[in-house]
Amino acid sequence: MRRVVVTGLGLVTPLGGDVETSWANLIAGKSGAGQITRFDTKDQKCTIACEVKPADHEYGFDPNKRVDHKVQRQVDPFIIYGIDAAGQALEDAGIGELTYEQSTRIGCSIGSGIGGLPGIASESLVCENKGPGRVSPHFVHGRLINLISGQVSIKYGLRGPNHAVVTACSTGAHAIGDAARMIAADDADIMLAGGAEGAICPLGIAGFAQARALATEFNDRPEQASRPYDKDRDGFVMGEGAGVLVLEEYEHAKARGAKIYAEVIGYGLSGDAYHVTAPHPDGDGAYRSMEMAIRKSGLKPEDIDYINAHGTSTMADMIELGATQRLFGKDLGGASMSSTKSAIGHLLGGAGAVESIFCILAMRDQIVPPTLNLENPDEGAEGVDLVPLKAKKREVRAVLNNSFGFGGTNASLVMRKI
Amino acid sequence: MSETAERVKKIVVEHLGVEAEKVTEDASFIDDLGADSLDIVELVMAFEEEFGVEIPDDAAEKITTVKDAISYIDSHKG
């Protein structure tokens, strides 16, 4: 079996326009939450989000670094975030000029959960109010989910598999797992894998609020709103951004002297077959997803030192924790488990990829990021290290990342240091 | 430069993200300014909005340079 390692990372998050800024702010315990600035939130039940900050902000994102002006005008934010994160990852991996033969062995699998909702919403008003003849000729390909992979392949000349996962909030994790399998199956030597989201718009916030998924009691205290496992949690805070990893076949990476961050050793997937938005109360799907990932990795649960939880700050947190305890033991076998959604919000289709990058950096720096706002843990969390409030130095040899999505779709990834 | 020319050039700079000096009257949208066929559709729509003119598809197909656009607009605007 061909082994798959991670050789490049790229991030655009509410805590930074690149990997190191995002990570430093995360470890420092900063929150990316605030009042929504993009639109008037009058009459919205939820008025807060974790927005990617503008370029002039202390930890803002400058789209002009890697995305052409013309493309920026034509596409939705999730595509801009995805192109930039992919560019960062390629630069980090030292992949530049390619021969034609090399380019046919490098592919893209960068997905999104929602896609171009802001653009669909605004262009539908143009169609309605000004007529079909005023709809932009760039409307369709500026909104389609696979157009991160499409744009990135065109910009960097990547002629390998071109794919895009769409599994709601599991997208990022599925994209990495599936891309790793494409490398293992010899479809490619290198894959850009990850996810992106940019759905902070009136329709996106209203839709999730109406589904009773968003925090609505913290509009006056945005930084306290995302509080996974805390007794006072009442929903998630929407985030946005992108995470993209360069996955590479191990011998290929070694041969070119690439820096190797981690090895992807386990991937688990399952379906709940239960409800469109609520997880199975027993955590059955989550359990089987984690169990498969660990079984495939060849590790034992006690080998995992850090778990980056799905932990959205909803009622589902305790279901995930219960399933994890069933697999790892009441105290998680000494593993630390935190939810970084407490700091950056829920990046939906980007979450699994961004959080996998945080897992990798936890192994690199031997420190685990905190669960912010965890002041009064809910019943059932006793004896579990949920890394409340502050990052924690500890040994981190292997990690598990969980992502669960609407529709009852679950994905888990296991990675280790090599 | 006529007022029409100035407004046309401003739209071209904004939509195609090119430097203003490159938008000469002889510049071809595709050969000199990096536009593709969809960009031209979008530019024509922007001209229609800006100047309140209708540019039918068969006329739009003949607009290949900055000068073509200025001439069409000047001879059709109300």
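What you see is a predicted model; the values in this text were computed from it and never measured.

Some remarks on the overall build of chain A
- A count of helical and extended segments in chain A gives 13 helices and 14 strands.
- Rg of the C-alpha trace for chain A: 20 Å, near the compact-globule value of 22 Å for 418 residues, within the 12% margin.
- Referenced to the eigenvectors of the C-alpha coordinate spread, the extents of chain A come out at roughly 60 × 55 × 40 Å.
- For chain A, buried positions account for 61% of its 418 residues.

Concerning unusual backbone geometry
Residues and elements named next belong to chain A.
- If you check the backbone angles, Val387 has positive phi at about 50° while not being a glycine.
- Looking at the secondary structure, you find Val387 in the loop between strand E11 (367-368) and strand E12 (392-393).
- Taking relative accessible area as the criterion, Val387 reaches 1% and is therefore assigned buried.
- A positive phi is found at Leu389, a non-glycine position, where the angle reads about 65°.
- In this structure, Leu389 sits in the loop between E11 and E12.

Describing the packing of aromatic side chains
All names here are of chain A.
- Applying the stated criterion across every chain, the model contains four aromatic pairs over all chains.
- Each ring, one from Phe208 and one from Phe236, has its centre 5.5 Å from the other, and the planes form 70°; the classification is edge-to-face. You can see Phe208 sitting in helix H8 (residues 202-210) and its partner Phe236 sitting in the loop between H8 and strand E7 (241-249), a full 28 residues away along the chain. Per residue, the accessibility class of Phe208 equals that of Phe236, and both read buried.
- Geometrically, the ring pair formed by Phe208 and Phe406 is tilted, given 6.0 Å between the ring centres and 40° between the ring planes. Within this pair, whereas Phe208 is found in helix H8, its partner Phe406 is found in the loop between strand E13 (398-405) and strand E14 (409-416), the two being separated by 198 residues in sequence.
- On the basis of relative accessible area, Phe208 is assigned to the buried category, the value being 12%.
- Within the aromatic cluster, the residues linked to one another by ring pairs are Phe208, Phe236 and Phe406.

With respect to the UniProt feature "modified residue: O-(pantetheine 4'-phosphoryl)serine" (unreviewed entry) in chain B
- The UniProt record annotates "modified residue: O-(pantetheine 4'-phosphoryl)serine" (unreviewed entry) at Ser37 of chain B.
- Along the chain, Ser37 of chain B turns up in helix H2 (residues 37-51).

As for the UniProt feature "active site" (unreviewed entry) in chain A
All names here are of chain A.
- If you check UniProt for "active site" (unreviewed entry), the listed places come out as Cys169 in our numbering.
- Within the secondary structure, Cys169 is located in the loop between strand E5 (162-163) and helix H7 (171-184).
- What Cys169 contacts, discounting residues up to four positions off in sequence, is His310, His346, Leu348, Gly349, Ser403, Phe404 and Gly405.

Focus: the domain arrangement of chain A
Residues and elements named next belong to chain A.
- Domains assigned within chain A are domain 1 (4-256) and domain 2 (267-416).
- Look at where the C-alpha atoms of domain 1 and domain 2 centre, and you get two points 21 Å apart.
- In this complex, domain 1 contributes 62 residues to the contact, which on the side of domain 2 involves 61 residues.
- Of the roughly 4700 Å² buried at the junction of domain 1 and domain 2 (both faces included), carbon and sulfur atoms supply 66%.
- At the surface where domain 1 touches domain 2, the tally comes to four salt bridges.
- Between Glu20 and Arg364 there is a salt bridge whose closest N-O contact spans 2.9 Å.

Analysis parameters
- Residues numbered from 1 in each chain as written.
- Chains lettered and ligands numbered in written order.
- Predicted model: local features only at pLDDT ≥ 70, side-chain atom pairs only at ≥ 80, totals over all residues.
- Heavy atoms only, no water.
- Helix = DSSP H or I, 4+ residues; strand = E, 2+ residues; numbered from the N terminus.
- Rg over C-alpha atoms; globule rule 2.2 N^0.38 Å.
- Buried < 20%, exposed > 50% of the residue type's maximum accessible area, 1.4 Å probe, protein only.
- Phe/Tyr/Trp six-rings, centres within 6.5 Å; stacked < 30°, edge-to-face > 60°.
- UniProt positions renumbered as here; feature names shortened; annotations may be inferred.
- Contact = heavy atoms within 4.5 Å.
- Domains from an automatic or database assignment.
- Buried area = accessible area lost by both parts, 1.4 Å probe.
- Salt bridge = Lys/Arg side-chain N within 4 Å of Asp/Glu carboxyl O.

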